[in-house]
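Survey of secondary and tertiary structure
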Amino acid sequence: MYFVGIDLAWGEKNHTGVAAVDSDGRLLHVGAAQEDASIEAAVAPYVKDECLVAIDAPLIVNNATGFRQCETALNRDFQPFEAGARPAYADKPEFKDPRATRIATSLGLDMDPTSGAGRRAIEVYPHPATIVLFELDKTLKYKRGAFEDRQRELLRLMTLIEGLDRATPRLRVNHNVAWVELRRRVAAATRPGQLDRDEDPVDAVVCAYVALYWYHRPEDVTVYGDFATGYIITPTLARHRAPPPQPVVADDVSERLAHIAALLQQAQLELSEIRKQLG
């Protein structure tokens, strides 16, 4: 059985990350594709028979506006860790005909998370998964920000993924030539565009691992939502986990002190006025 990860771009002009692992956690493929046909061609060797394809993109979008129920529920748990989901709704042009649904349908995959079918597609979201799998206090900032920060955070994510070789289930990426080359490119990158190109395959590996994790440890995974209203699958956040305390920003302190000073001044004025009236 194969476990495929697809970090799906919103449009066919952007790169989509694709990864595949086997049931023993060996990384068999990691790379990028673009248009639907090239995505389907990339995953074709791994979806002919039993497979679980984890897609980072909405599969079921039936709400006209606002957040899906699954996004609201997931955000309740993960927003404090900066790992909340953005709303997907049918009035958005990209979700009138969701790309993920189109690809899953073209591949003949069952999209119901409760199905016992041998060939399935599920919706996943890498950010919450990394919070749980790597016990992070907040998401790694490799998508936006200063180039040096993004590069450092993406390399950190890759190191954490390599550490899953000691996890249950195992994920073995270190002996895959494409992964080694991917890491070399990220380390040697000098421009943001190079990171834009290479972050997608890394996310795809996380997606594939979530599928593998669900297969081996279904009791440790939460399905937010359902097939009727939309769903997201991710490793379960431990009940004892709490987000880190938010640092107090100096500007906030100044504003609070100024506000307190103004209240005290107003109180003194009112007290003086009361004294005059009593005297």
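Notes on the structure follow. (Residues numbered from 1 in each chain as written. Predicted model: local features only at pLDDT ≥ 70, side-chain atom pairs only at ≥ 80, totals over all residues. Heavy atoms only, no water.)

**Looking at the overall build of the protein**
The secondary structure content of the protein amounts to eight helices and seven strands. Here the protein, with 279 residues, has 45% of them falling under the buried criterion. Within the protein, residue pairs in contact and separated by at least 24 positions form 66% of the contacts whose partners lie at least 6 positions apart. Put simply, the protein shows about 14,400 Å² of open surface, and 52% of that area lies on carbon and sulfur atoms. (Helix = DSSP H or I, 4+ residues; strand = E, 2+ residues; numbered from the N terminus. Buried < 20%, exposed > 50% of the residue type's maximum accessible area, 1.4 Å probe, protein only. Contact = heavy atoms within 4.5 Å. Areas by Shrake-Rupley, 256 points an atom, 1.4 Å probe, with all protein chains shown as cover.)

**Points about helix 6 (residues 177-188)**
Compared with the 16 Å implied by 1.5 Å per residue over 12 residues, the 17 Å span of helix 6 between its first and last C-alpha is a close match. Taken together, the buried positions of helix 6 are Trp179, Leu182 and Val186. Here the buried residues of helix 6 occupy an arc of 60° about the axis, which is enough to place them on one side. On its buried side, helix 6 packs onto strand 3 (27-33), helix 5 (147-162) and helix 7 (192-216). One side-chain oxygen at the N-terminal end of helix 6 lies 3.0 Å from the backbone nitrogen of Ala178; it belongs to Asn176. (Expected span 1.5 Å × (residues − 1). Arc of directions from axis to C-beta. Polar contact = N/O pair within 3.5 Å; in protein donor to acceptor, adjacent residues only side chain to side chain.)

**So, the packing of helix 1 (residues 36-43) against helix 3 (residues 99-106)**
Packing of helix 1 against helix 3 leaves a shortest axis separation of 11 Å and a crossing angle of 50°. Taken together, helix 1 and helix 3 sit at an angle that is classed as oblique. At the point where helix 1 passes helix 3, the crossing takes the right-handed sense. Listed contacts from helix 3 to Asp36, Ile39 and Glu40 of helix 1 are Arg99, Arg102, Ile103 and Ser106. Taken together, the residues of the contact of helix 1 with helix 3 break down into two nonpolar, one polar and four charged. (Axes fitted to C-alpha atoms, helices over the stretch in contact; angles between N-to-C directions. Parallel < 35°, antiparallel > 145°, perpendicular 65-115°, else oblique. Left-handed = near helix turned anticlockwise from the far one by under 90°. Nonpolar A, V, L, I, M, F, W, Y, C, P; charged D, E, K, R; others polar.)

**Notes on the pairing of strand 3**
In the sheet, strand 2 (residues 16-22) pairs with strand 3 via six bridges, with the strands oriented antiparallel. Within strand 3, the residue paired with Ala19 across the bridge is Val30. Between the antiparallel neighbours strand 2 and strand 3 lie four residues, among them Gly25 with a positive phi of about 85°. (Pairing = 2+ DSSP bridges.)

**A look at the packing of aromatic side chains**
Considering all chains together, one arrives at five aromatic pairs under this definition. Each ring, one from Tyr209 and one from Tyr213, has its centre 6.0 Å from the other, and the planes form 55°; the classification is tilted. Of this pair, Tyr209 and Tyr213 are both found in helix 7, four residues apart, which corresponds to roughly one turn of the helix. Each member of the pair, Tyr209 as well as Tyr213, is classed as buried. (Phe/Tyr/Trp six-rings, centres within 6.5 Å; stacked < 30°, edge-to-face > 60°.)

**A word on the nonpolar core**
Counting residues in each nonpolar core, the largest one holds 79 residues, and the members touching the most others are Val53, Ile55, Ile161, Trp179 and Val205. At 13 residues, the largest contribution of residues to this core is made by helix 7. Aside from chain neighbours lying at most four places away, what touches Ile55 is Ile6, Leu8, Ala100, Ala121, Ile122, Glu123 and Val124. (Core = buried A, V, L, I, M, F, W, Y, C linked by side-chain atoms within 4.5 Å.)

**Looking at the sheet that holds strand 5 (residues 119-123)**
Strand pairs in the sheet, formed through backbone hydrogen bonds, run parallel or antiparallel to each other. Spatially, the five strands line up as an open sheet ordered 3-2-1-4-5, and their pairing is mixed. Two strands close off the open sheet at either side, each with one partner strand: strand 3 and strand 5. Strand-to-strand twist in this sheet, taken as the mean axis angle between neighbours without regard to direction, amounts to 15°. Summarising the sheet, strand 1 (residues 2-7) and strand 4 (residues 51-55) pair through five bridges and their orientation is parallel. Within strand 4, the residue paired with Val4 across the bridge is Val53.

**Thoughts on the pattern of salt bridges**
A complete count under the given rule lists 19 salt bridges for this structure. Note that Asp24 and Arg26 form a salt bridge whose closest N and O atoms lie 3.3 Å from each other. Here Asp196 and Arg150 are joined by a salt bridge, their closest N and O atoms 2.7 Å apart. Within this pair, whereas Asp196 is found in helix 7, its partner Arg150 is found in helix 5, the two being separated by 46 residues in sequence. Classification of Asp196 as partly exposed rests on a relative accessible area of 37%. Judged by relative accessible area, which is 5%, Arg150 ranks as buried. (Salt bridge = Lys/Arg side-chain N within 4 Å of Asp/Glu carboxyl O.)

**Some points on helix 7**
Here helix 7 is 25 residues long and its end C-alpha atoms lie 36 Å apart, about the 36 Å a rise of 1.5 Å per residue gives. At Asp198, helix 7 is deflected by roughly 25°, the largest bend along its length, and proline Pro201 occurs up to four residues later in sequence. The element helix 7 is extensively covered by neighbouring structure, given that 19 of its 25 residues are classed as buried. (Bend = angle between axes of the 7 residues up to and from the residue.)

Function cannot be inferred from these measures alone, as they are strictly geometric.
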